[in-house]
Amino acid sequence: MKHLLNLFLLLVILNGPQNFCCAQSNQLDSLENLLKTAKKDTNRVQLLIKIANRYKYIDPEKTVRYSKEALQLAQTKKYVTGIFRSFAMIARGMQYSNQYKEALPIIQKWEFFSDSLHDLDQKAQCLSIKGLILARLGDYSKAVKSYFEAIKIDEASHDTSALAGDYGNIALVYENTKKYPIALEYIFKAMKLDSASGDEKRYATALGNLSNIYDEMGNHQKALLYALRFLKLEQELGDEARVAAALSNIGSIYDAMNEREKAIDYYLRSLPIAEKVGNSDIIIANQVNISTWYIEKNDFDPAIKMLKNTIEIALETGSKATTSECYKYLAIAYNGKKDFAKAYEYLYKFNQLKDTLLNEENTRQINQMSAFYEKDKQQIKIAGLEKEKIFSEQIIEKQNSFRNVLILVVVLIVLLALALFVGFNNKRKDVRLLELKNLEIQKQKEIIQETNKNITDSINYAKRIQESVLPAKEVKYKLFPDAFVLYQPRDIVSGDFYWFAEKNGKRIIAAVDCTGHGVPGAFMSMVGIGQLNNIVMQNNIIKPSEILDQLQINIRHALKQENKESSARDGMDIAICSFDSKTKKVEYAGANRPLIVISNQQNTLSVIDPDHFSIGGSDDIIKRHTNHIVDISIGDCFYIFSDGFADQFGGPKGKKFRIKNLKELLHSIYQKEMSEQENILSKTFADWKGNLEQVDDILVIGIRV
């Protein structure tokens, strides 16, 4: 459990204290009463932010809610300071409530707003929190990049306080990636700045993290020295949460030094303080360590009681890793009590949760068309025959040279004339055999070329079939007069397809990305088009989420994926929208494909995230899709697309175009005519790709209301 203790310490040191007294609760009640009668002006924005800040450690979800209300009002009033403070508070609230992925879009908007106003101070604050969130998500390379950008700004402005924070945070990233010498370098830089400024709180933070780094390096004596200094300073400062952290980490260090009794003494001293301040992470760490001590002493009942209590806390905080550890130790404890049924029960839970943790990220299988595979083999064969032909010609050339030498020898040495003549005739036979072999090679080459032509002709015919089932341009302009469809298959036929329909007064459009590309993808697209037509036009299902739910069932049935022994694991990603001109609303649902909405009135781009699972596949769990409703305003633009554009390699460094750049491009051109937008996207893609191969099918659909 020592890893949990180290993780906890980092959180406490970065997030600050969590003990709030009754007086603060009374202050919150007073502030919320003031809010009931506050006018919708800049003073209300300040009051909302003040309340959000008070909830930061005790109920961070309320921090997010109050901050979002403040942001909306500040934007309405064009109150710049309020907008900046709201962005920062939303990000903090999401950080403290572990909503790390949800925080990134907010930080992106904050950063964009800072750039638009050229406010470097806000930009630095934004980059610092962005680095912290990225580190929490385990994206350490991006976290380091964000911190260095913040450091560059803070160094230019000589903001030593912000620099100390940047140095401390980047040290933690290097610690997590086990680059301890670099981590020490930056933590000492932070300590130097904190000491010079007289900031005892931050200096204590640096001491605690310095202890952590030495502990992970295996230098437990130094780790203990700095941990004791950290404890003493926090006791003087009166921060009980960090005192509990220090005591627990000292216990962890004694554990690493195999001084178990001293370790347990510190865990027992830390636990009641942690319970007093209500810090779940410290409680969990101490209780698990104490429980293992009980198990070592064969005192199983208190160990079981404490572990079950720990599981309840871990489930509340959503810590799967901690829950898994507790299941493991419960299995050991029940085994020690000879209660094998319970031991087996918790061992099963442990293994089940462990498998879940190991398999949270799934990879997509991409099938290659067999005809292309055979074509590649034939091309390899042609290359081999060509090499053989060149080799034969080289042999002939050498033989002719040798023949000339022999003729000269015949002239000079009459006695050997007969022998040379026989040798000459033999060489002529070899030449004839080589000529015949070359003729055979040429014949084989012609056969292979004819075979390739037949394959290509078949695929071209398949293209005409696929194009015939795609919606005609007349249908597109009838249903969506102000729209474009950028459709560019990688091969002759495509695994991407677009689909339009009009049913019961609703105009429905979909962008679909099937498994694979080329012929396999085209087969899947034919299945998808047929199923969509059946679901909407025959079964009268027009709600996007219900269309996807039914499509999931139909695709799995069509490909016999309910059969466990079936090898068909293909599927599709899709974004589908339903437009209602009467209600002025758009409904959207997605399977791994998002919807981008650009507001014409506010000049803002927003992304509506899809459900993160595909249509089809072998998963037996029935998953329901989320239906999103978006209000329509005149001039708003909606975009749905496959992943081919963003995944294309190119540019000066041969890297992916990325979804971020696609969003920025769409935001920069959305006010242009839709046909011009299509041309700009097509040219941008071609310029980015350059001489590189197109890696996937391209589909981008844009619609202006």
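From a predicted model like this one, the values you see are computed outputs, not experimental measurements. The residue numbering used here restarts from 1 in each chain and proceeds along that chain's sequence as written. Only residues with pLDDT of at least 70 are given local features in this predicted model, and only at 80 or more are side-chain atom pairs given and counted; all residues enter the totals for whole chains, interfaces and linings. Heavy atoms throughout the structure, all of them, feed into the side-chain values; hydrogens and water do not.

Novice: Can you lay out the overall build of the protein chain for me, pointing to particular residues and giving the numbers?
Specialist: For the protein chain, the count of helices and strands is 25 helices and 13 strands. Note on exposure labels: buried denotes an accessible area under 20% of the residue type's maximum, exposed denotes more than 50%, and partly exposed covers the range between, all computed with a 1.4 Å probe on protein chains only. Here the protein chain holds 705 residues, and 47% of them are scored as buried. The Shrake-Rupley method, run with a 1.4 Å probe sphere, supplies the accessible areas, and residue values consider only the shown protein chains as cover. As displayed, the protein chain offers around 36500 Å² of accessible surface, 53% of which is attributable to carbon and sulfur atoms. Note on conventions: DSSP H or I runs of at least 4 residues are helices, E runs of at least 2 residues are strands, and numbering of each starts at the N terminus.

Novice: Kindly report on the packing of helix H15 (residues 280-296) against helix H17 (residues 320-336), identifying the contributing residues and their values.
Specialist: To define axes, lines are fitted to C-alpha atoms, for helices over the stretch in contact only, and angles between the resulting N-to-C directions are given on a 0 to 180 degree scale. Across the interface, H15 lies against H17 with an axial gap of 11 Å and an inter-helix angle of 15°. By the angle between their axes, H15 is roughly parallel relative to H17. The crossing of H15 and H17 is left-handed. When H15 is examined against H17, the residues Ile-284, Val-288, Thr-292 and Ile-295 are found in contact with a partner set consisting of Thr-322, Cys-326, Tyr-329, Ile-332 and Ala-333. When residue character is reported, Ala, Val, Leu, Ile, Met, Phe, Trp, Tyr, Cys and Pro are called nonpolar, Asp, Glu, Lys and Arg charged, and the others, Gly included, polar. A per-class count over the contact of H15 with H17 returns 7 nonpolar, 2 polar and no charged. Put simply, angles under 35 degrees are roughly parallel, angles over 145 are roughly antiparallel, angles from 65 to 115 are roughly perpendicular, and the rest are oblique. Here is the rule for handedness: rotate from the far helix to the near one, and if that takes an anticlockwise turn smaller than a right angle the crossing is left-handed, while a clockwise turn gives right-handed. Between two residues, a contact is recorded if the distance between any of their heavy atoms is within 4.5 Å.

Novice: Please set out the environment of Ser-161 residue by residue, giving values where relevant.
Specialist: Following the sequence through the fold, Ser-161 ends up in helix H9 (residues 160-176). Its relative accessible area of 39% is what places Ser-161 among the partly exposed residues.

Novice: Kindly report on the nonpolar core, identifying the contributing residues and their values.
Specialist: By convention a nonpolar core is built from buried Ala, Val, Leu, Ile, Met, Phe, Trp, Tyr and Cys residues, the set being connected through side-chain atoms within 4.5 Å. Among the nonpolar cores identified, the biggest contains 75 residues, and Ile-170, Leu-210, Ile-250, Tyr-254, Ile-290, Ile-295 and Leu-330 are the most heavily contacted of them. Sequence-distant contacts of Tyr-254, that is, excluding residues within four places in its chain, are made with Leu-224, Glu-259, Lys-262, Ala-263 and Tyr-266.

Novice: Tell me about the environment of Ile-107, residues and numbers included.
Specialist: Positionally, Ile-107 belongs in helix H6 (residues 100-117). Using a relative accessible area of 1% as the deciding quantity, one classes Ile-107 as buried. Taking the C-alpha atoms as reference, Ile-107 lies 9.5 Å from Ile-133; in sequence the two are 26 residues apart. Among all residues touching Ile-107, those that are not within four sequence positions of it are Ala-91, Cys-126, Ile-129, Lys-130 and Ile-133.

Novice: Tell me about the pattern of salt bridges, residues and numbers included.
Specialist: Pairing between side chains becomes possible if they bear opposite charge and their charged atoms approach one another. A pair is scored as a salt bridge if a Lys or Arg side-chain nitrogen falls within 4 Å of a carboxyl oxygen belonging to Asp or Glu. One pass over the full model with this rule turns up 27 salt bridges. Measuring nitrogen to oxygen at the nearest pair gives 3.8 Å for the salt bridge that ties Glu-345 to Lys-342. Of the two residues, Glu-345 and Lys-342 both sit in helix H18 (residues 340-358), 3 residues apart, roughly one turn of that helix. For Lys-342, a relative accessible area of 30% gives the class partly exposed. Put simply, Arg-704 and Asp-482 hold a salt bridge, and the shortest N to O gap is 3.2 Å. With Arg-704 in strand S13 (residues 698-704) and Asp-482 in the loop between helix H21 (473-479) and strand S1 (483-488), the pair connects residues that are 222 residues apart, well separated along the chain. A cluster of three or more residues bridged by salt bridges with shared partners is formed by Glu-111, Asp-115, Lys-123 and Lys-130.

Novice: How would you summarise the sheet that holds strand S10 (residues 637-641) if you had to cite specific residues and measurements?
Specialist: Criterion used throughout: strands pair if DSSP finds at least two bridges between them. Read from one edge to the other, the open sheet built from 5 strands follows the order S1-S13-S10-S6-S7, with strand pairing classed as antiparallel. What marks the edges here is a single partner per strand, and that holds for S1 and strand S7 (604-608). Each neighbouring strand pair of the sheet contributes to a mean axis angle of 15°, computed without reference to strand direction. Sheet topology note: the S10/S13 ladder contains 5 bridges and is antiparallel. Paired with Ile-640 across the two strands is Ile-701, which belongs to S13.

Novice: Can you tell me about helix H24 (residues 659-669), naming the residues and giving the values?
Specialist: Of the residues making up H24, those classed as buried are Leu-662, Lys-663, Leu-665, Leu-666, His-667 and Ile-669. Buried positions along H24 lie against H6, strand S6 (595-599), S7, S10 and helix H25 (674-689).

Novice: Go over the packing of aromatic side chains with me, naming the residues and quoting the values.
Specialist: The criterion for an aromatic pair is that two Phe, Tyr or Trp rings (for Trp, the six-membered ring) have centres within 6.5 Å, with stacked assigned to planes under 30 degrees apart, edge-to-face to planes over 60 apart and tilted to the rest. Within this structure, the stated rule accounts for 20 aromatic pairs. Taking the centre distance of 5.9 Å and the plane angle of 45° together, the rings of Tyr-167 and Tyr-186 count as tilted. Highlighted residues: Tyr-167 in helix H9 and Tyr-186 in helix H10 (residues 180-197), separated in sequence by 19 residues. With a relative accessible area of 8%, Tyr-167 lands in the buried category. Given the relative accessible area of 10%, Tyr-186 is considered buried. Ring geometry for Phe-645 and Phe-685: centres 5.3 Å apart, planes at 55°, overall tilted. Here Phe-645 is found in the loop between S10 and strand S11 (649-650), whereas its partner Phe-685 is found in helix H25, with 40 residues between them in sequence. Residue class for Phe-645 comes out buried when judged on its relative accessible area of 1%. An aromatic cluster is defined as three or more aromatic residues linked by ring pairs; in this entry it consists of Phe-480, Tyr-487, Tyr-498, Phe-500, Phe-579 and Phe-638. Note on criteria: charge over ring means Lys NZ or Arg CZ within 6 Å of the ring centre, with the direction from the centre no more than 35 degrees off the ring normal. Lying across the ring of Tyr-66, Arg-65 places its NZ or CZ 4.9 Å from the centre.

Novice: Which residues make up the confidence of the model for the protein chain, and what values do they have?
Specialist: Per residue, pLDDT measures the predictor's confidence, with a range of 0 to 100. The share of residues in the protein chain with pLDDT of 70 or more is 83%, and the mean pLDDT across the chain is 82. Residue range residues 1-23 is modelled with pLDDT below 50. Its contacts to residues more than four positions away, or to other chains, number 68 contacts. Throughout residues 360-377 the model reports pLDDT below 50, and contacts reaching past four residues in sequence, or to other chains, amount to 20 contacts.

Novice: Can you lay out the pairing of strand S4 (residues 571-580) for me, pointing to particular residues and giving the numbers?
Specialist: Within S4, 10 of the 10 residues are buried, leaving the element largely enclosed by the surrounding structure. Of the two faces of S4, the one carrying Gly-571, Asp-573, Ala-575, Cys-577 and Phe-579 and the one carrying Met-572, Ile-574, Ile-576, Ser-578 and Asp-580 are both buried. Inspection of the sheet shows strand S3 (residues 506-514) paired to S4 by 8 bridges, in the antiparallel sense. What sits directly across from Cys-514, in S4, is Met-572. Bridge count for S4 against strand S8 (residues 615-616) is 2 bridges, and the pairing is antiparallel. Paired with Gly-571 across the two strands is Gly-616, which belongs to S8. Bridge count for S4 against strand S5 (residues 585-591) is 6 bridges, and the pairing is antiparallel. Opposite Phe-579, over in S5, you have Val-586 as the bridge partner.

Novice: Can you lay out the side chain of Asp-697 for me, pointing to particular residues and giving the numbers?
Specialist: With respect to the helices, strands and loops of the structure, Asp-697 is situated in the loop between H25 and S13. Of the side chains with opposite charge, Arg-490 lies nearest to the buried Asp-697, which makes no salt bridge, at 5.8 Å. At 2.7 Å, the side chain of Asp-697 forms a polar contact with the backbone nitrogen of Arg-490. For this count, His and the chain ends are skipped, Lys and Arg are scored as positive, and Asp and Glu as negative. As used in this structure description, the phrase polar contact means that two N or O atoms lie within 3.5 Å; if the pair is within protein, one of them must be able to donate a hydrogen and the other to accept it, and residues adjacent in sequence are counted only when both atoms belong to side chains.

Novice: Explain the side chain of Thr-515 to me, and be specific about the residues and the numbers.
Specialist: Within the secondary structure, Thr-515 is located in the loop between S3 and helix H22 (518-538). Residue classification places Thr-515 among the buried residues on the basis of a relative accessible area of 10%. From its side chain, Thr-515 meets the backbone nitrogen of Gly-571 in a polar contact 2.8 Å long.

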